[in-house]
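Each chain, letter by letter, is given below.
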Amino acid sequence: MAFSVHFIMDENTAKVTLEGELDAASAPSFRREIEKAAQQQPGRLVLFLQGLEFMASAGLRVLIFAKQKMGADVEVYAVAPQPGIRETLEKTGFEKSVIIVDNYAD
Amino acid sequence: MVTRIDVYPTHRFGNYWLRMGHPFPFGTTFLAGGINFSVFSKAANYCVLVLYERGSQVPLVEIPFRGLFEKVDSGEVVWGEFRIGNVFCMTVFDLPYEQIEYGFRMDGHYPRVSRGQPGIHRFNPEQVLLDPYAKGIGGRDIWGIPPNWEDAFPHRGRIVRDDFDWEGDRPLEIPLEDLVIYEMHVRSFTQDPTSGCKYPGTFAGIREKIPYLKELGVNCVELMPIFEFDEFENSRQHPQTGELLMNYWGYSTVGFFAPKAGYAFTGQFGDGTQVADELKTLIKDLHSNGIEVILDVVFNHTAEGNEHGPTISYRGIDNQTYYMLTPEGYYFNFSGCGNTLNCNNPVVRNMVLDCLRYWAAEYHIDGFRFDLAAILSRDPWGFPLPNPPLLETLAFDPILGKCKLIAEAWDAGGLYQVGNFAAYGRWAEWNGKYRDTMRKFLKGEPGILGEVAQRLQGSPDLYGGRGTGASINFITCHDGFTLMDLVSYNHKHNQANGEDNRDGSDDNYSWNCGWEGETDDLEIKALRSRQIKNALAILLVSQGVPMLLMGDEMGRTQQGNNNTYCHDNHLNWLDWTLIQKNADIYRFARCCIAFRRAHPALRLPYHPHQEISWHGTQAWNADWNGRVIAFMVDGRQVSPIPDNIIYVALNMYWETLPFELPRLPPNYQWFVFANTGAEICEEVWDPGQEPVLSDQATFLLRGRSVAILVGR
């Protein structure tokens with residue numbers, strides 16, 4: 001499935017919705033959205049991952065990029081990752097730097 | 001930011017955009033917009049880059065390094081040669097690198113050599129070859145899945161990103177003499193269901209068990225080979241049982257730069273970068289828990305075997321460079337595995353150096369243990385060199401400057417260099433003499449106390465001037481009996497290996513305590529348990545660097561098999577219920593490790609001199625002829641933190657004996673840390689919690705027992 005990424009700013013929270021397959025080819029567009037989000041200097045980044053079917057190592061690196069770009073005090077939420085994505089986050093130690101939640105309501 | 005002017009394609013081949021590549025570094029490198037491919041061959045005049053979509057049997061494209069290309073600026077078709085010296089190098093633009101697998105075809109002006117025949121070069125342009133510098137290798141992505149035997153290109157190069165979020169991690173640089181090494185096999189550690197791991201048998205599985213390693217108290221894990229190997233190499237069925245026997249241990253390297261994909265839970269995703277990430281995450285977390293990582297590396301041979309073996313990479317690229325050959329083109333076999341890597345050829349030497357630098361720099365590896373390292377001191381014709389260039393190069397390399405370098409200082413060709421391995425002030429050795437001496441001592445062999453004393457002091461007879469860190473002390477390792485089997489079997493029982501019990505060493509210096517193998521006899525079981533604790537105690541109070549074999553801390557058995565290289569089953573898998581079953585052994589091991597780490601006097605960087613004194617059943621009067629010895633290490637002068645006085649009595653005689661204790665300075669008292677001859681509840685204490693000894697003058701020590709006292 002083709003990759004899509006949407007970003008909105010909701011008060012102080014940057015909300016990014018990812019769908020499809022995040023690999024080396026699609027990672028740059030995700031990265032551009034993250035850069036846009038970072039410019040707004042949000043206090044929190046929420047990634048809606050429900051529709052994300054696959055994340056390759058290049059996609060994971062954008063998450064790390066996001067963490068680095070936004071700063072350590074910005075909380076990053078990963079909302080409803082599918083099991084495969086959740087395992088990828090766990091095995092690469094990323095579960096320590098993002099907060100994985102099943103649903104997100106503010 | 002500097003914008004380079006050499007990052008645009010100059011040539012076109014079909015739909016692929018190219019330019020002359022960079023010869024350095026070898027392998028694949030990410031450049032702006034493209035992937036650089038670089039491969040050495042002195043003998044080839046023909047080289048083609050073969051790209052596949054992941055898993056496909058049919059190449060996506062074959063791009064020659066020398067051939068006709070269309071020039072991007074003029075559109076004219078020209079002859080191009082992407083080669084500098086003996087290195088074929090080309091940059092290919094816009095590759096979907098995560099989906100790509102790659103290899104090379106090569107040819108040269110040499111006669112065809114068919115499989116089974118000797119030959120100086122073995123070019124075959126029909127064969128696609130693995131890049132010796134491939135950082136990721138596909139084809140065995142999930143452990144134990146039977147491979148496609150028809151695949152003409154079974155081990156495929158993958159393109160791996162080196163970037164990783166290390167979060168400030170760096171190698172720990174713990175002084176060698178302060179290490180307690182735990183030798184383990186990645187899969188065996190957590191594959192058994194009793195491990196309770198979510199990701200059993202993988203790097204991620206080890207990560208789940210870091211709390212266990214911390215509790216045990218080891219501060220270094222030595223991983224048996226993790227470079228890509230083929231568990232199906234020479235796989236066969238047991239002639240009687242039909243069981244699948246494989247290349248389980250992995251002492252047969254396919255690629256030196258790639259972690260074994262089948263050891264990563266993420267291997268199934270077919271993405272070399274994720275495999276690398278999983279391993280790096282493990283290393284980062286081990287480091288943050290104070291645990292170093294040493295890799296067991298096998299540079300003495302490769303998985304290509306002899307002239308009957310498969311062509312995977314090296315022999316199809318430059319046979320004469322990579323291997324030691326007879327004048328007729330047969331493979332020298334100093335490794336016992338069919339071929340011998342030509343490590344003192346300058347090109348191969350550089351490959352070894354590049355490899356170790358890569359693992360040290362990109363994976364933050366703390367040290368390396370070199371399998372059959374004596375081979376590395378042989379010249380290209382097999383003769384031992386007085387000043388082996390590879391060993392010297394590694395010893396003086398800047399990037400490896402703080403890495404531990406540990407030699408298994410012997411080889412299968414009969415070269416035994418324990419104590420005289422070319423050290424250059426850097427190399428440590430697996431002390432095979434420590435193992436043999438202590439095994440003999442444990443089983444009660446008389447008349448070897450002089451040698452026992454040397455081993456207890458870090459073997460100054462072997463490593464005088466090199467310090468205690470030169471001696472890696474071990475009583476058991478993956479190769480041979482486990483500690484439980486050492487006290488349960490007089491002879492090896494290797495029938496399960498399907499070689500009629502011919503394989504494996506016959507020199508085990510083991511003693512079964514009265515019955516061969518498993519028994520319900522409580523007395524024998526108790527004696528075995530005591531002998532295990534004696535061994536652990538001796539190992540952990542010896543000067544030098546102790547190495548424990550995975551599972552010995554909980555009484556793991558291989559059922560008398562001393563060569564379990566081929567078993568993917570309970571013979572190798574760690575049964576975690578043993579922690580409860582042998583709770584006393586586990587507690588004893590844990591406390592002895594903690595005791596060692598609490599007492600710098602046991603970890604002197606230099607061989608003890610005035611700190612150590614020798615005793616027998618009479619204080620200050622050792623009898624060097626029997627089976628009984630005691631020693632005292634006076635830690636009061638140890639800098640920078642003064643330690644206690646430690647007294648160790650070793651009674652390998654079968655009767656109880658009274659040991660007259662050396663008198664302590666005023667206001668000091670003897671406390672009992674361990675007494676393997678006592679009841680289980682009084683055998684060992686947490687360091688600092690030791691009870692005071694009721695009789696300060698004499699210690700009555702049971703036969704075949706060890707006592708460790710602390711004076712403070």
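Residues numbered from 1 in each chain as written. Chains lettered and ligands numbered in written order. Predicted model: local features only at pLDDT ≥ 70, side-chain atom pairs only at ≥ 80, totals over all residues.

## Notes on the overall build of chain B
Right, so step 1: Helix and strand counts for chain B stand at 14 helices and 32 strands.
Right, so step 2: In terms of C-alpha radius of gyration, chain B reaches 28 Å, essentially the compact-globule figure of 27 Å for 712 residues.
Right, so step 3: For chain B, the spread of C-alpha atoms along the three principal axes comes to 100 × 60 × 50 Å.
Right, so step 4: Going through the 712 residues of chain B one by one, you find that 55% of them count as buried.
Right, so step 5: Sequence-distant contacts in chain B: of pairs separated by 6 or more residues, those separated by 24 or more amount to 71%. (Helix = DSSP H or I, 4+ residues; strand = E, 2+ residues; numbered from the N terminus. Rg over C-alpha atoms; globule rule 2.2 N^0.38 Å. Buried ≥ 20, exposed ≤ 12 C-beta atoms within 10 Å, placed from the backbone. Contact = placed C-beta atoms within 7 Å.)

## Re helix α4 (residues 272-288) of chain B
Residues and elements named next belong to chain B.
Right, so step 1: With 17 residues, α4 should reach 24 Å at 1.5 Å per residue; the first-to-last C-alpha distance of 24 Å fits that figure.
Right, so step 2: Most of α4 sits inside the fold, with 14 of its 17 residues counted as buried.
Right, so step 3: Looking one or two places after α4, you find Gly-290, whose phi comes out positive at around 75 degrees. (Expected span 1.5 Å × (residues − 1).)

## Focus: the nonpolar core
Right, so step 1: Membership of the largest hydrophobic core comes to 234 residues, with the highest contact counts inside it found for Val-218, Val-221, Cys-592, Ile-646, Val-648, Ala-649 and Ile-708 of chain B.
Right, so step 2: If we ignore the near neighbours within four places in the chain, the residues touching Ile-708 of chain B are Ala-537, Val-541, Ile-646, Val-648, Phe-673 and Ala-674 of chain B. (Core = buried A, V, L, I, M, F, W, Y, C linked by C-beta atoms within 7 Å.)

## What about the interface of chain A and chain B?
Right, so step 1: Taken together, the contacts link 12 residues of chain A with 18 residues of chain B.
Right, so step 2: Of all the elements in the fold, those that place two or more residues in the side of chain A that touches chain B are α2 (57-70) and α3 (83-91) of chain A.
Right, so step 3: Considering each element in turn, the side of chain A that touches chain B owes the most residues, 4 residues, to α2 of chain A.
Right, so step 4: The class makeup of the residues in the side of chain A that touches chain B is 5 nonpolar, 4 polar and 3 charged. (Nonpolar A, V, L, I, M, F, W, Y, C, P; charged D, E, K, R; others polar.)

## Brief notes about the sheet that holds strand β6 (residues 61-64) of chain B
Strand pairing in a sheet takes place through backbone hydrogen bonds and is either antiparallel or parallel in direction.
All names here are of chain B.
Right, so step 1: Strand order in this open sheet of 5 strands is β6-β5-β11-β13-β12, and the pairing throughout is antiparallel. Two strands close off the open sheet at either side, each with one partner strand: β6 and β12 (136-138). On average, each strand axis in the sheet is inclined to that of its neighbour by 35 degrees, with strand direction left out of account.
Right, so step 2: Of the strand pairs in this sheet, strand β11 (residues 100-107) and strand β13 (residues 156-158) are connected by 2 bridges, and their pairing is antiparallel. Looking at β13, one finds that Glu-101 is bridged to Arg-158. (Pairing = 2+ DSSP bridges. Axes fitted to C-alpha atoms, helices over the stretch in contact; angles between N-to-C directions.)

## Looking at the packing of helix α12 (residues 522-541) of chain B against helix α14 (residues 583-598) of chain B
Any two packed helices are characterised by how steeply their axes cross, that is the angle between the axes, and by the distance between the axes.
Residue and element names in this part refer to chain B.
Right, so step 1: Interaxial distance between α12 and α14 falls to 9 Å at its minimum, and their mutual angle equals 15 degrees. It follows from the interaxial angle that α12 and α14 lie roughly parallel. Crossing of α12 against α14: the hand is right-handed. Across the interface between the two elements, Ser-529, Ile-532, Lys-533, Leu-536, Ala-537 and Leu-540 from α12 touch Asp-584, Ile-585, Phe-588, Ala-589, Cys-592, Ile-593, Phe-595 and Arg-596 from α14. (Parallel < 35°, antiparallel > 145°, perpendicular 65-115°, else oblique. Left-handed = near helix turned anticlockwise from the far one by under 90°.)

## What about unusual backbone geometry?
Across residues other than glycine, the phi torsion is negative in most instances, and most of the peptide bonds are trans.
All names here are of chain B.
Right, so step 1: Following Phe-24, the chain continues to Pro-25 via a peptide bond in cis, the omega torsion being -15 degrees.
Right, so step 2: You can see Pro-25 is positioned in the loop between β2 (16-20) and β3 (27-31).
Right, so step 3: Positive phi values are uncommon outside glycine, yet Asp-500 reaches one of about 55 degrees.
Right, so step 4: Relative to the elements of secondary structure, Asp-500 occurs in the loop between α11 (483-486) and α12.
Right, so step 5: Non-glycine residue Asn-501 carries a positive phi angle of around 65 degrees.
Right, so step 6: Relative to the helices and strands, Asn-501 resides in the loop between α11 and α12.

## Observations concerning the packing of helix α6 (residues 346-362) of chain B against helix α7 (residues 389-396) of chain B
All names here are of chain B.
Right, so step 1: Put simply, α6 and α7 touch, their axes get as near as 10 Å, and they point 30 degrees apart. Our classification of the angle between α6 and α7 gives roughly parallel. The hand of the α6/α7 crossing is right-handed. Across the interface between the two elements, Arg-349, Val-352, Leu-353 and Leu-356 from α6 touch Pro-389, Leu-390, Thr-393 and Leu-394 from α7.
Right, so step 2: Its residues assigned to classes, the contact of α6 with α7 comprises 6 nonpolar, 1 polar and 1 charged.

## Quick notes on the environment of Ile-475 of chain B
Residues and elements named next belong to chain B.
Right, so step 1: Position of Ile-475 relative to the elements: it lies in the loop between β24 (471-473) and α11.
Right, so step 2: Through-space distance from the C-alpha of Ile-475 to that of Leu-548 is 7.9 Å; in sequence the pair is 73 residues apart.
Right, so step 3: Among all residues touching Ile-475, those that are not within four sequence positions of it are Arg-435, Met-438, Arg-439, Leu-483, Ala-535 and Leu-539.

## Points about the confidence of the model for chain B
Right, so step 1: Mean pLDDT over chain B: 96, with 100% of residues reaching 70 or higher.
Right, so step 2: Our summary of model confidence lists the complex with pTM equal to 0.96 and ipTM equal to 0.90. (pLDDT = per-residue confidence, 0-100.)

## Quick look at the sheet that holds strand β32 (residues 705-711) of chain B
Residues and elements named next belong to chain B.
Right, so step 1: Read from one edge of the open sheet, 5 strands run β26-β27-β28-β32-β30, paired in antiparallel fashion. Two strands close off the open sheet at either side, each with one partner strand: β26 (612-615) and β30 (670-675). Geometrically, the sheet is characterised by an average inter-axis angle of 20 degrees between neighbouring strands, direction not taken into account.
Right, so step 2: Sheet topology places β30 next to β32; 5 bridges connect them, and they run antiparallel.

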